[in-house]
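Understanding the architecture of this molecule
Spelled out from the first residue to the last, the chains are:
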2 protein chains.
Amino acid sequence: MNWPDRRLLDLFAIDHPIIQAPMAGVAPPAMAIAVSEAGGLGSLGSATATPDSLRADLQVLRQGTGRAYNVNFFVHEDPETDAERESRWRACLSSYYREFGLAPPAPSGPTIRPFNAALCDVVLELRPKVVSFHFGLPDAALTQRLKDVGIVLVGCATTVKEARWLEAHGADAVVAQGAEAGGHRGMFLADQFACQTGTMALVPQVADAVKIPVIAAGGIGDGRGIVAAMALGAAGVQMGTAFLLTPEARTAPLHRAALKEADDDSTALTNLFTGRPARAIVNRYVREVGPISSDAPPFPLAMGAAHPLRVAAEAKGSADFTPLWSGQAASLTRELPAGELVATLVAETEAVLARVQ
Amino acid sequence: MNWPDRRLLDLFAIDHPIIQAPMAGVAPPAMAIAVSEAGGLGSLGSATATPDSLRADLQVLRQGTGRAYNVNFFVHEDPETDAERESRWRACLSSYYREFGLAPPAPSGPTIRPFNAALCDVVLELRPKVVSFHFGLPDAALTQRLKDVGIVLVGCATTVKEARWLEAHGADAVVAQGAEAGGHRGMFLADQFACQTGTMALVPQVADAVKIPVIAAGGIGDGRGIVAAMALGAAGVQMGTAFLLTPEARTAPLHRAALKEADDDSTALTNLFTGRPARAIVNRYVREVGPISSDAPPFPLAMGAAHPLRVAAEAKGSADFTPLWSGQAASLTRELPAGELVATLVAETEAVLARVQ
């Protein structure tokens with residue numbers, strides 16, 4: 001279709017301003033390839049990558065498509081291990097360890113590491129068109145290395161202040177991530193958890209505040225959301241939950257089943273799984289402990305205490321302790337191949353535009 | 001302009017599907033008259049009305065405009081006073097009473113009463129075209145009395161489940177109130193506070209679930225939001241914060257000043273002021289006590305303990321204890337007369353439609 005706002009099409013060299021959200025663990029190269037081949041921007045979630053696994057994935061992408069794609073990294077601060085807090089947190093979860101006959105796991109180091117020089121080397125070697133970051137941007141030297149070779153940089157903002165910061169520090173486009181979005185809130189300057197801005201309010205305020213193109217994210221599930229985002233001033237959209245039921249997604253069967261049953265009010269922002277607020281379907285763990293706990297160890301250390309419970313529960317066929325990442329529009333998610341989903345979204349967008357005209 | 005969706009225009013007999021939100025205390029008859037005369041639907045917030053004050057207001061409205069207008073009531077359950085909880089809450093606030101040299105106020109009865117037969121009598125006598133409700137709908141007998149004389153009934157939903165309930169119990173249209181909205185969350189069936197759905201996700205899911213027209217609310221500040229709401233499947237919008245800086249609004253000077261300085265992330269949902277979750281600009285009271293407290297007495301009894309602090313602080317020129325109701329798009333609010341604001345919103349809507357076409 002003839003998109004009214006061409007800024008992202010030109011910046012990313014794509015046909016449709018539909019970005020498949022990078023979802024570490026569930027969005028493999030095959031999904032990114034399918035989306036990019038369909039004219040959108042496919043993304044690889046590389047938050048948990050090592051240089052070797054990243055190289056392997058980028059080689060698959062390069063061989064799989066001649067179109068542009070995006071690789072995403074986290075740029076959080078590596079946390080300090082706090083033995084007392086880890087111990088307090090295990091005490092809080094002790095009844096669950098007993099229930100599953102598990103010994104509380106010993107605290108371990110972080111399993112998710114921030115973007116670093118070694119990963120940057122691989123990126124420069126295999127040159128994806130776009131690199132996006134969650135929780136800020138890399139330090140000035142790493143950012144400059146990426147910019148020097150012409151890689152397009154995208155940051156993620158949950159507030160106007162964060163969007164302005166990203167623009168000032170070299171981002172070429174900014175994702176305005178409304179509170180409806182599934183998975184981790186990209187917040188990195190926001191200090192008040194209670195102040196989570198929804199997509200409808202966030203996008204126009206970010207669009208007013210920055211000159212770089214804005215990508216709307218959060219609660220966008222079909223062509224209606226795409227047109228809404230464009231009306232609000234976004235040049236494109238990023239959609240994650242919408243791709244979780246594609247055959248390409250590595251969404252586990254328990255997660256797929258939960259998504260298919262999710263209602264508009266089935267999710268909450270919770271820090272129990274990783275230590276950072278992230279939106280997931282409320283399951284037994286979130287309901288019983290309460291979605292936000294100040295005792296949870298900092299990101300990503302909270303994963304250590306919860307993981308054995310997840311494994312034990314899943315072995316019994318239960319998603320009671322599984323992070324069931326989801327946005328608030330899960331009920332709009334379709335079970336279509338990723339490329340077909342992009343084509344469907346484009347057709348829906350045309351239909352909605354015709355309806356509101 | 002030529003609105004693509006005419007359902008609300010026909011139902012309410014208005015020219016533009018822009019509803020000024022009923023805001024008890026700040027939206028007087030003069031604001032409703034100005035909005036209705038401009039072709040939108042003006043609303044009177046009558047949550048605190050007595051039969052006599054309601055009659056007086058409705059007479060002003062009837063004399064002020066021949067167009068349709070809306071009168072809003074609350075339909076919460078009258079609370080039981082719980083002496084122990086009231087005492088615990090005063091203990092929680094004790095340092096503030098000391099700071100202002102106040103004795104903790106004795107618990108008193110509710111200052112906001114639900115819609116009842118006496119108010120219904122006045123409504124039937126003066127026949128506004130539209131009556132809307134917050135926190136559900138009145139009992140079947142009262143609802144039937146209103147329907148029997150052809151009054152159009154509007155309910156407010158924060159979830160798909162609530163929207164379905166309202167449709168099944170006689171609502172002719174439903175407000176889908178996203179979490180961005182200022183003031184009280186209309187929630188009446190939702191049991192999990194953490195699951196607050198944003199407008200972008202809520203509106204299409206509600207539109208898919210009910211046959212009655214949907215009015216989008218929450219975070220809509222200008223023509224961009226109006227077109228976005230239409231794209232999402234709404235037949236119209238309800239805007240509150242957008243009208244708080246009109247000269248017609250009874251917004252106090254301290255509240256106006258706070259709104260003018262508000263950013264996208266300045267607000268939070270808090271139950272400290274009234275006992276029910278409501279979105280307000282975070283001030284000292286909300287920041288220090290924390291926005292949600294399980295000790296706060298039930299709606300509307302929490303008002304009793306906080307009110308003397310508000311009065312004492314305001315006497316010193318401080319909004320530290322004032323409920324500064326606001327949605328998340330306060331930065332988009334314009335200081336225009338209410339009728340001019342409606343005309344501006346219509347012109348903006350036309351411009352946005354032209355841009356996205």
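See the structure printed just above.
Residues numbered from 1 in each chain as written. Chains lettered and ligands numbered in written order. Predicted model: local features only at pLDDT ≥ 70, side-chain atom pairs only at ≥ 80, totals over all residues. Heavy atoms only, no water.

1. Side note on the pattern of salt bridges
- On inspection of all chains with the given rule, the structure shows 38 salt bridges over all chains.
- R88 of chain B is the salt-bridge partner of D295 of chain B, the closest N and O atoms lying 3.1 Å from each other. With D295 of chain B in the loop between helix 12 (284-289) and helix 13 (302-315) and R88 of chain B in helix 4 (residues 83-92), this pair connects stretches of sequence that are 207 residues apart.
- Note that R284 of chain B is salt-bridged to E99 of chain B, the shortest N-O span being 2.6 Å. Within this pair, whereas R284 of chain B is found in helix 12, its partner E99 of chain B is found in helix 5 (residues 94-99), the two being separated by 185 residues in sequence.
- Where salt bridges share partners, they join E99, R284, E288 and D320 of chain A into one cluster. (Salt bridge = Lys/Arg side-chain N within 4 Å of Asp/Glu carboxyl O. Helix = DSSP H or I, 4+ residues; strand = E, 2+ residues; numbered from the N terminus.)

2. Notes on the sheet that holds strand 9 (residues 236-239) of chain A
Residue and element names in this part refer to chain A.
- The 8 strands lie next to each other as 1-9-8-6-5-4-3-2, forming an open sheet whose pairing is parallel. Single-partner strands in this sheet number two, and they are strand 1 (18-20) and strand 2 (42-45). The sheet shows a mean angle of 25 degrees between the axes of neighbouring strands, direction not considered.
- Note: strand 6 (residues 173-177) against strand 8 (residues 214-217), 4 bridges, orientation parallel. Looking at the pairing, V174 lines up with V214 of strand 8.
- Set on the sheet, helix 2 (residues 29-37) makes contact with strand 1, strand 2 and strand 3 (69-74); between it and strand 2 the angle comes to about 165 degrees.
- Helix 9 (residues 199-209) contacts strand 5 (152-157), strand 6 and strand 8 of the sheet and is inclined by roughly 155 degrees relative to strand 6. (Pairing = 2+ DSSP bridges. Axes fitted to C-alpha atoms, helices over the stretch in contact; angles between N-to-C directions. Contact = heavy atoms within 4.5 Å.)

3. Concerning the side chain of E162 of chain A
Residue and element names in this part refer to chain A.
- Relative to the helices and strands, E162 is located in helix 8 (residues 160-168).
- Buried charge E162 goes without a salt bridge, the closest partner of opposite sign being R185 at 6.9 Å.
- If sequence neighbours within four positions are ignored, E162 has contacts with A157, M187, F188, L189 and A190. (Buried < 20%, exposed > 50% of the residue type's maximum accessible area, 1.4 Å probe, protein only. Lys, Arg positive; Asp, Glu negative; His and termini not counted.)

4. Some remarks on the packing of aromatic side chains
Residue and element names in this part refer to chain A.
- Using the criterion set out here, one finds 24 aromatic pairs over all chains in the structure.
- Relative to F321, the ring of F100 has its centre 5.6 Å away and its plane inclined at 85 degrees; by these criteria the two rings are edge-to-face. Here F100 is found in the loop between helix 5 (94-99) and helix 6 (117-126), whereas its partner F321 is found in the loop between helix 13 (302-315) and helix 14 (338-356), with 221 residues between them in sequence. For the residue pair F100 and F321, the accessibility class agrees, reading buried in each case.
- The interplanar angle of 65 degrees and the centroid separation of 5.6 Å between the aromatic rings of F135 and F299 together place this pair among those described as edge-to-face. Of this pair, F135 sits in the loop between strand 4 (130-134) and helix 7 (140-148) while F299 sits in the loop between helix 12 (284-289) and helix 13, and the two are 164 residues apart along the sequence. An identical accessibility class is assigned to F135 and F299; each is buried.
- Grouping aromatic residues by their ring pairs yields a cluster made of Y96, F100, F273, Y285, F321 and W325.
- Positioned above the aromatic ring of F135, the side-chain terminus of R276 is 3.8 Å from the ring centre. (Phe/Tyr/Trp six-rings, centres within 6.5 Å; stacked < 30°, edge-to-face > 60°. Lys NZ or Arg CZ within 6 Å of the ring centre and 35° of its normal.)

5. Some remarks on the relation of the copies chain A and chain B
- Overlaying chain A with chain B gives an RMSD of 0.0 Å, the required rotation being 180 degrees about an axis along which the chain moves by 0.0 Å. Look at the turn and shift together and you get a two-fold axis relating the two. Taking C-alpha positions as reference, the residue of chain A nearest the rotation axis is A228 of chain A, located at 1.9 Å.
- Comparing interface residues between copies, 100% of those in chain A also lie at the interface in chain B; the contact surface is shared. (Least-squares fit on C-alpha atoms with pLDDT ≥ 70 in both.)

6. Quick look at the packing of helix 2 (residues 29-37) of chain B against helix 14 (residues 338-356) of chain B
All names here are of chain B.
- The contact between helix 2 and helix 14 brings their axes to 7 Å, and the two run at 35 degrees. In the packing of helix 2 onto helix 14, the handedness of the crossing is right-handed. In this structure, helix 2 contributes M31, A34 and V35 to the contact, and helix 14 contributes A338, G339 and V342.
- A class-by-class count of the residues in the contact of helix 2 with helix 14 yields 5 nonpolar, 1 polar and no charged. (Left-handed = near helix turned anticlockwise from the far one by under 90°. Nonpolar A, V, L, I, M, F, W, Y, C, P; charged D, E, K, R; others polar.)

By themselves, these figures tell us nothing about what the structure is for.
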